[in-house]
Amino acid sequence: MQKNFFHWMFAAILICGASVFTSCSSNDDNPTQPDLNVAEKIIGKWMVEELNGQPCPTNWKTVLTFVSPTKAYGSLSDFNTPMWNVKVLADVNIDGNKVNVINTDGNIRQVLDCTILSITDKDLLMSSDWNVYEDGVKIYQEAYGKERYGRITADYSQDILGTWEGKVTSSEDEHTDGELHRWEYKANGTYVYYSKENDEWKAGNDVMADYFVDGILLCTRWKKTIDSNELREWWEIESIKDGVMKWKALRMRDDGTTYTATFEMTKVQ
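Definitions and limits used
Residues numbered from 1 in each chain as written. Predicted model: local features only at pLDDT ≥ 70, side-chain atom pairs only at ≥ 80, totals over all residues. Heavy atoms only, no water. Helix = DSSP H or I, 4+ residues; strand = E, 2+ residues; numbered from the N terminus. Contact = heavy atoms within 4.5 Å. Areas by Shrake-Rupley, 256 points an atom, 1.4 Å probe, with all protein chains shown as cover. Polar contact = N/O pair within 3.5 Å; in protein donor to acceptor, adjacent residues only side chain to side chain. Pairing = 2+ DSSP bridges. Axes fitted to C-alpha atoms, helices over the stretch in contact; angles between N-to-C directions. Core = buried A, V, L, I, M, F, W, Y, C linked by side-chain atoms within 4.5 Å. Buried < 20%, exposed > 50% of the residue type's maximum accessible area, 1.4 Å probe, protein only. pLDDT = per-residue confidence, 0-100. Phe/Tyr/Trp six-rings, centres within 6.5 Å; stacked < 30°, edge-to-face > 60°. Lys NZ or Arg CZ within 6 Å of the ring centre and 35° of its normal. Patch = residues over 30% accessible without salt bridge, like charges linked within 9 Å, V, L, I, M, F, W, Y side chains within 5 Å. Salt bridge = Lys/Arg side-chain N within 4 Å of Asp/Glu carboxyl O.

1. Some thoughts on the overall build of the protein
Right, on to step 1. Counting its secondary structure elements, the protein contains two helices and 19 strands.
Right, on to step 2. Within the protein, counting contacts between residues at least 6 apart in sequence, those at least 24 apart form 49% of the total.
Right, on to step 3. Of the roughly 14,000 Å² that the protein leaves accessible, carbon and sulfur atoms contribute 46%.

2. Concerning the side chain of Ser 128
Right, on to step 1. Assignment of secondary structure puts Ser 128 in strand E8 (residues 123-134).
Right, on to step 2. Engagement of the side chain of Ser 128 in a polar contact is seen with the side chain of Glu 147, the distance being 2.8 Å.
Right, on to step 3. Each residue touching Ser 128, except ones within four places of it in the same chain, is listed here: Leu 112, Asp 113, Cys 114, Glu 142, Ala 143, Tyr 144, Gly 145 and Glu 147.

3. Re the sheet that holds strand E16 (residues 217-223)
Right, on to step 1. Spatially, E14-E13-E12-E11-E19-E18-E17-E16-E15 is the arrangement adopted by the nine strands of the open sheet, whose pairing is antiparallel. Looking at the sheet topology across the chains shown, the edges are occupied by strand E14 (200-203) and strand E15 (208-214). Each neighbouring strand pair of the sheet contributes to a mean axis angle of 30 degrees, computed without reference to strand direction.

4. Side note on the nonpolar core
Nonpolar side chains tend to gather and get buried jointly when the protein is soluble and globular.
Right, on to step 1. Formed by 31 residues in total, the largest nonpolar core has its most connected members in Ile 160, Tyr 185, Leu 218, Ile 237, Met 245 and Trp 247.
Right, on to step 2. Beyond its immediate stretch of four places on either side in the chain, Ile 237 contacts Tyr 156, Ile 160, Val 213, Ile 216, Leu 218, Met 245, Lys 246 and Trp 247.
Right, on to step 3. Within the second largest apolar cluster, 25 residues are counted, among which are Val 38, Val 92, Val 99 and Leu 124.

5. Re the confidence of the model for the protein
Right, on to step 1. Per-residue pLDDT for the protein has a mean of 86; in total, 86% of the residues score no lower than 70.
Right, on to step 2. A low-confidence stretch, residues 1-32 (pLDDT under 50), is modelled with 77 contacts involving residues beyond four sequence positions or located in other chains.

6. Some points on the environment of Gly 189
Right, on to step 1. Checked against the element boundaries, Gly 189 lands in the loop between strand E12 (181-185) and strand E13 (191-197).
Right, on to step 2. With a relative accessible area of 18%, Gly 189 lands in the buried category.
Right, on to step 3. A sequence separation of 31 residues divides Gly 189 from Thr 220, and the C-alpha atoms of the two residues are 9.6 Å apart.
Right, on to step 4. Excluding its chain neighbours within four sequence positions, the residues that come into contact with Gly 189 are Ala 209, Asp 210 and Tyr 211.

7. Here's the deal with the packing of aromatic side chains
The description of two aromatic rings rests on the distance between their centres and on the angle between their planes.
Right, on to step 1. Inspection of the entire model under this criterion finds ten aromatic pairs.
Right, on to step 2. Following the ring pairs from residue to residue traces out a cluster consisting of Trp 183, Tyr 193, Trp 235, Trp 247 and Phe 263.
Right, on to step 3. The side chain of Arg 251 reaches across the aromatic face of Trp 235, ending 4.6 Å from its centre.

8. Quick look at a nonpolar patch on the surface
Right, on to step 1. Taken together, the side chains of Val 137, Ile 139 and Tyr 140 define a hydrophobic patch exposed on the protein surface, amounting to about 280 Å² of accessible area.
Right, on to step 2. Note that Val 137 resides in strand E9 (residues 137-143).

9. A closer look at the pattern of salt bridges
Right, on to step 1. What the rule picks out here adds up to 14 salt bridges.
Right, on to step 2. Where Lys 61 meets Glu 236, a salt bridge forms, and the shortest distance between an N and an O atom there is 3.1 Å. Taken as a pair, Lys 61 in the loop between strand E2 (54-55) and strand E3 (63-68) and Glu 236 in strand E17 (residues 231-241) lie far apart in primary sequence, 175 residues in all.
Right, on to step 3. On the basis of relative accessibility, which here comes to 8%, the residue Glu 236 falls in the buried class.
Right, on to step 4. Of the charged contacts in the structure, one is a salt bridge between Lys 224 and Asp 206, with a shortest N-O distance of 3.6 Å. Linking Lys 224 in the loop between E16 and E17 with Asp 206 in the loop between E14 and E15, this pair joins segments that are 18 residues apart in sequence.

10. Considerations on the pairing of E8
Right, on to step 1. Note: strand E7 (residues 108-119) against E8, eleven bridges, orientation antiparallel. Bridge assignment links Asp 113 to a residue of E8, and that residue is Asp 129.
Right, on to step 2. Two successive antiparallel strands, E7 and E8, enclose a turn made up of three residues.
Right, on to step 3. Where E8 meets strand E10 (residues 147-152), four bridges bridge the pair, whose relative direction is antiparallel. Across the sheet, the residue bridging to Leu 125 is Arg 148, located in E10.
Right, on to step 4. Bridge count between E8 and E9: six bridges; the pairing is antiparallel. Each residue of the ladder has a partner; that of Asp 129, found in E9, is Ala 143.
Right, on to step 5. Here E8 folds back onto E9, and the loop between the two strands holds two residues, one of which, Asp 135, carries a positive phi near 55 degrees.

Here is the structure:
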């Protein structure tokens with residue numbers, strides 16, 4: 001397991017790492033939180049939707065799945081590091097509204113301390129504090145603002161398998177050329193990208209073409225050659241129904257403005 005999993009799982013999706021909390025001794029400032037029955041309600045799959053009240057760009061999203069009150073796994077693809085974590089397991093401790101997600105790798109122990117502010121069947125609002133320990137000594141800490149997660153009930157990891165043909169349906173997206181292409185998604189986590197040449201479909205020869213689906217989040221990475229830069233892209237699968245697959249993604253431009261990209265493809269029989 002890669003040592004920085006939980007740092008990049010949560011830090012990569014945040015706009016900034018500045019703490020918005022200060023220590024206070026007043027009971028008025030720190031009222032007793034009601035029992036939200038977190039241990040029962042948190043079970044399931046969650047994907048980040050908002051950061052400090054603003055929609056989270058799709059390329060920053062992660063998925064966290066609590067399989068029990070003591071175990072969870074997270075999926076992350078990160079732009080800034082080699083992180084490519086597909087359902088990596090971690091230990092969980094729940095005490096009232098406090099949730100600790102713990103990853104241990106050798107002498108490095110990472111603890112994500114979460115305070116659940118509210119939780120319903122569909123939404124989870126929390127603040128978190130990430131701590132890294134080496135041989136029991138704290139060597140790093142970051143505190144974050146409010147993060148809203150939405151519950152994910154769909155799982156398209158099996159439905160996506162096979163070959164699909166389609167193109168972008170929005171006026172803008174980062175990597176598309178606007179032409180019709182094919183993607184063959186394999187069960188081993190790789191895919192083949194096809195382009196049409198002289199009315200024939202020709203498979204690409206990328207040295208890397210990986211993907212994973214966790215719930216509705218589709219993450220891909222690819223390299224044309226050994227020496228070329230690795231590229232990555234995230235999509236949210238809106239639906240797979242009757243041989244039609246639809247994607248959407250909130251993209252952020254270099255100037256900080258955002259737009260929604262969409263994609264549609266049909267299953268190749």
